Amino acid sequence: MIPNSWRDDAALLKRASGGDREASAALVRRLMPAGHALAWRMTGITAVAEDIVQEAFIRLWQTAMRWEPRASVRTFFTRIVINLCYDHHRANFPDQPVEDTAAGETADDAPGVLEEMAARESRSEVRAALYRIAPRYRAVLVMWAYSEMNVRDIAAAMDLSQNAVHQLLFRARAALRAQLPNAQNAKGKSHVA
Amino acid sequence: MSHDPNARTSRRQLSELLGLAPCPAPAPHLFKAIVDSAPQARPAAGWRRPRFALALTAALLVVAVSFHAWRSANEDSELADVDELAAASLLVL
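What you see is a predicted model; the values in this text were computed from it and never measured.

*Asks:* Explain the overall build of chain B to me, please; I cannot follow it from the model alone.
*Replies:* In terms of regular secondary structure, chain B is built from three helices and zero strands. Secondary structure elements of chain B occur, N-terminal to C-terminal, as α-α-α. In chain B, buried positions account for 8% of the 93 residues.

*Asks:* For this particular structure, what's the right way to read the packing of helix 2 (residues 21–43) of chain A against helix 2 (residues 28–36) of chain B?
*Replies:* If you want to describe how two helices pack, look at the angle between their axes and the distance between the axes. At their nearest, the axes of helix 2 of chain A and helix 2 of chain B sit 9 Å apart, and the two run at 130 degrees to each other. The pairing of helix 2 of chain A with helix 2 of chain B is recorded here as oblique in orientation. Judged by the sense of rotation from one axis to the other, the crossing of helix 2 of chain A with helix 2 of chain B is right-handed. In this structure, helix 2 of chain A uses A:Arg21, A:Ser24, A:Ala25, A:Val28 and A:Met32 to contact helix 2 of chain B, whose residues at the interface are B:Phe31, B:Ile34 and B:Val35. In the contact of helix 2 of chain A with helix 2 of chain B, the residues fall into six nonpolar, one polar and one charged.

*Asks:* What is the right way to look at unusual backbone geometry in this model?
*Replies:* Glycine aside, a negative phi is what most residues show, and trans is what most peptide bonds show. You will see that A:Asp159, though not glycine, has its phi angle at about 60 degrees, which is positive. Structurally, A:Asp159 is set in the loop between helix 8 (151–158) and helix 9 (162–179).

*Asks:* For this particular structure, what's the right way to read the interface of chain B and chain A?
*Replies:* Often, the extent of an interface is quoted as the loss of accessible area upon association of its parts. The partner chain A presents 33 residues to the 25 residues of chain B that form the contact. The leading source of residues in the side of chain B that touches chain A is helix 1 (residues 5–17) of chain B, at six residues. Along the lines of polarity and charge, the residues of the side of chain B that touches chain A split into 16 nonpolar, seven polar and two charged.

*Asks:* Looking at this model, I keep getting lost on the domain arrangement of chain A. Mind explaining?
*Replies:* Residue and element names in this part refer to chain A. Per the domain assignment, the segments of chain A are domain 1 (4–92) and domain 2 (113–192). For the side of domain 1 that touches domain 2, the leading source of residues is helix 4 (residues 73–92), giving seven residues. When its residues are assigned to classes, the side of domain 1 that touches domain 2 shows eight nonpolar, four polar and two charged.

*Asks:* What is the right way to look at the environment of A:Leu12 in this model?
*Replies:* Residues and elements named next belong to chain A. Note that Leu12 resides in helix 1 (residues 4–17). Residues Leu12 and Glu55, spaced 43 residues apart in sequence, show a C-alpha to C-alpha distance of 19 Å. Excluding its chain neighbours within four sequence positions, the residues that come into contact with Leu12 are Ala23, Ala26 and Leu27.

*Asks:* Just checking my understanding: could you explain the packing of helix 3 (residues 46–64) of chain A against helix 4 of chain A for this structure?
*Replies:* Residues and elements named next belong to chain A. Relative orientation of the contacting elements helix 3 and helix 4 amounts to 130 degrees, with a least axis distance of 9 Å. It follows from the interaxial angle that helix 3 and helix 4 lie oblique. Once helix 3 is placed against helix 4, the crossing between them reads as right-handed. Between helix 3, through Val48, Ile52, Val53, Glu55, Ala56, Arg59 and Leu60, and helix 4, the contact on the second element is made entirely by Phe77, Ile80, Val81, Leu84, Cys85 and His88. Its residues assigned to classes, the contact of helix 3 with helix 4 shows 10 nonpolar, one polar and two charged.

*Asks:* Can you walk me through helix 7 (residues 135–146) of chain A in this structure?
*Replies:* Count 3.6 residues to each turn of an α-helix, and residues three or four apart come out pointing the same way. Residues and elements named next belong to chain A. Here helix 7 is 12 residues long and its end C-alpha atoms lie 16 Å apart, about the 16 Å a rise of 1.5 Å per residue gives. A large share of helix 7 lies buried, amounting to 11 of its 12 residues. The complete set of buried residues in helix 7 reads Pro135, Arg136, Tyr137, Arg138, Ala139, Val140, Leu141, Val142, Met143, Trp144 and Ala145.

*Asks:* Sorry if this is basic, but what is going on with the nonpolar core here?
*Replies:* Where a protein is soluble and globular, its nonpolar side chains tend to be buried together. All names here are of chain A. In this structure, Ala39, Ala56, Val81, Val140, Leu141, Ile154 and Ala172 are the most contacted members of the largest nonpolar core, which totals 59 residues. Every element with two or more residues in this core is listed here: helix 1, helix 2, helix 3, helix 4, helix 6 (123–132), helix 7, helix 8 and helix 9. The leading source of residues in this core is helix 2, at 10 residues. Two domains each donate at least three residues to this core, and these are domain 1 (4–92) and domain 2 (113–192). Those residues in contact with Ala56 that sit more than four places away from it in its chain are Gly35, Phe77, Ile80, Val81 and Leu84.

Thresholds applied
- The numbering scheme is per chain: residues are counted from 1 as the chain's sequence reads.
- Written order determines the labels here, with chains lettered from A and ligands numbered from 1.
- Totals for whole chains, interfaces and linings use every residue, but because this is a predicted model, local features are given only for residues with pLDDT of at least 70 and side-chain atom pairs only at 80 or more, for both listing and counting.
- Helix and strand definitions follow DSSP, with helices as H or I runs of at least four residues and strands as E runs of at least two, each counted in order from the N terminus.
- With C-beta atoms placed from the backbone, the exposure class of a residue follows from how many other C-beta atoms lie within 10 Å of its own: 20 or more, buried; 12 or fewer, exposed; in between, partly exposed.
- Every axis in this analysis is a line fitted to C-alpha atoms, fitted for helices over the stretch in contact. Angles between the N-to-C directions lie between 0 and 180 degrees.
- By the definition adopted for this analysis, an angle is roughly parallel if under 35 degrees, roughly antiparallel if over 145, roughly perpendicular if from 65 to 115, and oblique otherwise.
- Crossing handedness is read from the near helix: turned anticlockwise from the far helix by less than a right angle, it gives a left-handed crossing, and turned clockwise, a right-handed one.
- What counts as a contact here is a pair of residues whose C-beta atoms, placed from the backbone, lie within 7 Å.
- Each residue is assigned to one of three groups, with Ala, Val, Leu, Ile, Met, Phe, Trp, Tyr, Cys and Pro labelled nonpolar, Asp, Glu, Lys and Arg labelled charged, and all others, Gly among them, labelled polar.
- Annotation comment: domain bounds sourced from an automatic or database domain assignment.
- Here the expected length of a helix is defined as 1.5 Å per residue gap, with one fewer gap than residues.
- Think of a nonpolar core as buried Ala, Val, Leu, Ile, Met, Phe, Trp, Tyr and Cys residues chained together by C-beta atoms that fall within 7 Å.

Right under this line is the structure:
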């Protein structure tokens, strides 16, 4: 059964594609806040986040004419925003991959460990650590922590299976934990020992 | 929505730990810029516009009246030729 919000968004997109300005405005009102917040939390720069959201809507309008409701408009829009965030990262940090496949492979991310460690850090330290991990990890953590999306929605937005999202979340938490100053200090101490 | 209570707790803890700094509101001009970039209603083809149809009808009327007038004038002159011919033949006879 297709949720009402899907139908509403799809109906608005269809009307918007026909030049209905009210429908376009309504759809922008529905999608822009979450898209802007995601882009801002991914990039940390307000101007970049605004550029990304604007570009995401241009791409959405371009696909509006041939829209087929296989996924929700919101999920599709989120995917565009994430991909644009990755593009921004690639353009600005070409030597840093979007996904760090090595990070978190061996980390022991028992439930609560990250929370315990993070609780000892200041919020600014935790946020700084969030910007040091790979964008793919940041994306899944931001969507999980801040938005109302469940694993199925995140999987659809990232074009992954739900199981892959769980694994990605696990690795992302481990990568974040490794970037916390406490973890760095502990690592330094163990190297000295 | 996730219905797993542990997942909910973990999510809440994580969001708190990552810092719940409010996201800055997008600039006011952004909304208008995005709406302006949406597809515009396409104007109707020229021949379907009322003003164009009226002008076309008027032009056709002018052409029809002119043609009728030209034809009428030609018919008169042809009749005149016939009259002259008849008069000449009468003179010969």
